[in-house]
Amino acid sequence: MTVGVRLNCDGPVATVTLCRPDVLNAQTPEMWRAMYDFSRDLPGDVRVVVVRGEGRAFSAGLDLSVVNDPAAENSLAVLAALSPEECADRIAGFQAGFTWLHRPDLLSIAAVQGHAIGAGFQLALACDLRVLTDDARFSMAEVALGLVPDLAGTKRLVDLVGYARALEICVTGRRIDAVEAERLGLATVVVPPTELDAAVEDLVGAILAGNRNAVVEIKALLAGAAGRSPADQQRAEREAQARRFRDLVGAGE
């Protein structure tokens, strides 16, 4: 098992668990590398990925002991010493630990309890759906460190809540409770902590009840909708439905 994060697969469901509860699942670049490696090892029959944290928090964000350790491979001092191009390439590797959850053939669900701060918030945003406990708290806290969110969370946030609200959330770093998260569209559902597992299982079951190819087509249609004109979106619907017709009668490629 890779220290700090583990992968378990059970048929069509894979579970990624942050397992550093003693530090509220604070994240490291090594964990991001492991998460990307998980994406390459997933069995082909996996349809749903659940991301969760052990203990009382989803993730308290970046492990500051790594950032502040000048001897660490990805410390602030080391990253600052790289050329801009090298630094950007290093960060691209970090982002890959999150962006694989956008894959069109997977639906991803974040099961969030307690705090999801900074990198924790961005990991929840990387997922398609978010089930929150009523004690969950989101915060994009990078600004407090003089940093920007750089783990592929900014577009997801703008897509969900709009530019002005996303800007306010990011530049203030304030806490967002579960009630507000649901109102803003950041939460798919909010439940008491004792009901988190059952709520996630119900959502997974509902997803798996749908035709896999239809679910994949629907995700692609909706994920790309914001970047298409109405006419282009309607064309995408027609083309997707034509593929479904052919597949259902056994005439697909």
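Computed from a predicted structure; not experimentally measured. (Residues numbered from 1 in each chain as written. Predicted model: local features only at pLDDT ≥ 70, side-chain atom pairs only at ≥ 80, totals over all residues. Heavy atoms only, no water.)

Visitor: Is there a simple way to explain the sheet that holds strand β6 (residues 129-133) in this structure?
Guide: The strands that make up a sheet are held in pairs by hydrogen bonds between backbone atoms, and each pair lies either parallel or antiparallel. Read across the open sheet, the 6 strands follow the order β1-β2-β3-β4-β6-β9; overall the sheet is mixed. Strands at the two margins of the open sheet, each flanked by one partner only, are β1 (5-10) and β9 (189-191). The average undirected angle you get between the axes of adjacent strands in this sheet is 20 degrees. Bridge count between strand β3 (residues 48-53) and strand β4 (residues 107-112): 5 bridges; the pairing is parallel. Each residue of the ladder has a partner; that of Val-50, found in β4, is Ile-109. (Pairing = 2+ DSSP bridges. Helix = DSSP H or I, 4+ residues; strand = E, 2+ residues; numbered from the N terminus. Axes fitted to C-alpha atoms, helices over the stretch in contact; angles between N-to-C directions.)

Visitor: I'm lost on helix α4 (residues 84-99) in this one. Help?
Guide: Side chains that are three or four residues apart share a direction in an α-helix, a result of its 3.6 residues per turn. Along its 16 residues, α4 runs 22 Å from first to last C-alpha, staying within 8% of the 22 Å computed at 1.5 Å per residue. On the buried face of α4, the contacting elements are α1 (29-41), α3 (76-81) and α5 (119-126). (Expected span 1.5 Å × (residues − 1). Contact = heavy atoms within 4.5 Å.)

Visitor: Is there a simple way to explain the packing of helix α10 (residues 212-223) against helix α11 (residues 230-248) in this structure?
Guide: Two packed helices can be described by the angle between their axes and the distance between those axes. Across the interface, α10 lies against α11 with an axial gap of 10 Å and an inter-helix angle of 170 degrees. With respect to each other, α10 and α11 are oriented roughly antiparallel. Within the contact between the two elements, α10 uses Asn-213, Ala-214, Glu-217 and Leu-221 and α11 uses Gln-233, Ala-236, Glu-237, Ala-240, Arg-243, Arg-244 and Asp-247. In terms of residue class, the contact of α10 with α11 is made up of 4 nonpolar, 2 polar and 5 charged. (Parallel < 35°, antiparallel > 145°, perpendicular 65-115°, else oblique. Nonpolar A, V, L, I, M, F, W, Y, C, P; charged D, E, K, R; others polar.)

Visitor: Could you clarify how one ought to interpret the state of the cysteines in this entry?
Guide: Any covalent bond linking the sulfur atoms of two cysteines counts as a disulfide. All told, the structure shown has 0 disulfides when counted by the stated rule. This cysteine, Cys-87, is not joined by any disulfide, and Cys-170 carries the nearest cysteine sulfur, 19 Å off. In this structure Cys-127 is not part of a disulfide, and its nearest cysteine sulfur, from Cys-9, lies 15 Å away. (Disulfide = S-S within 2.5 Å.)

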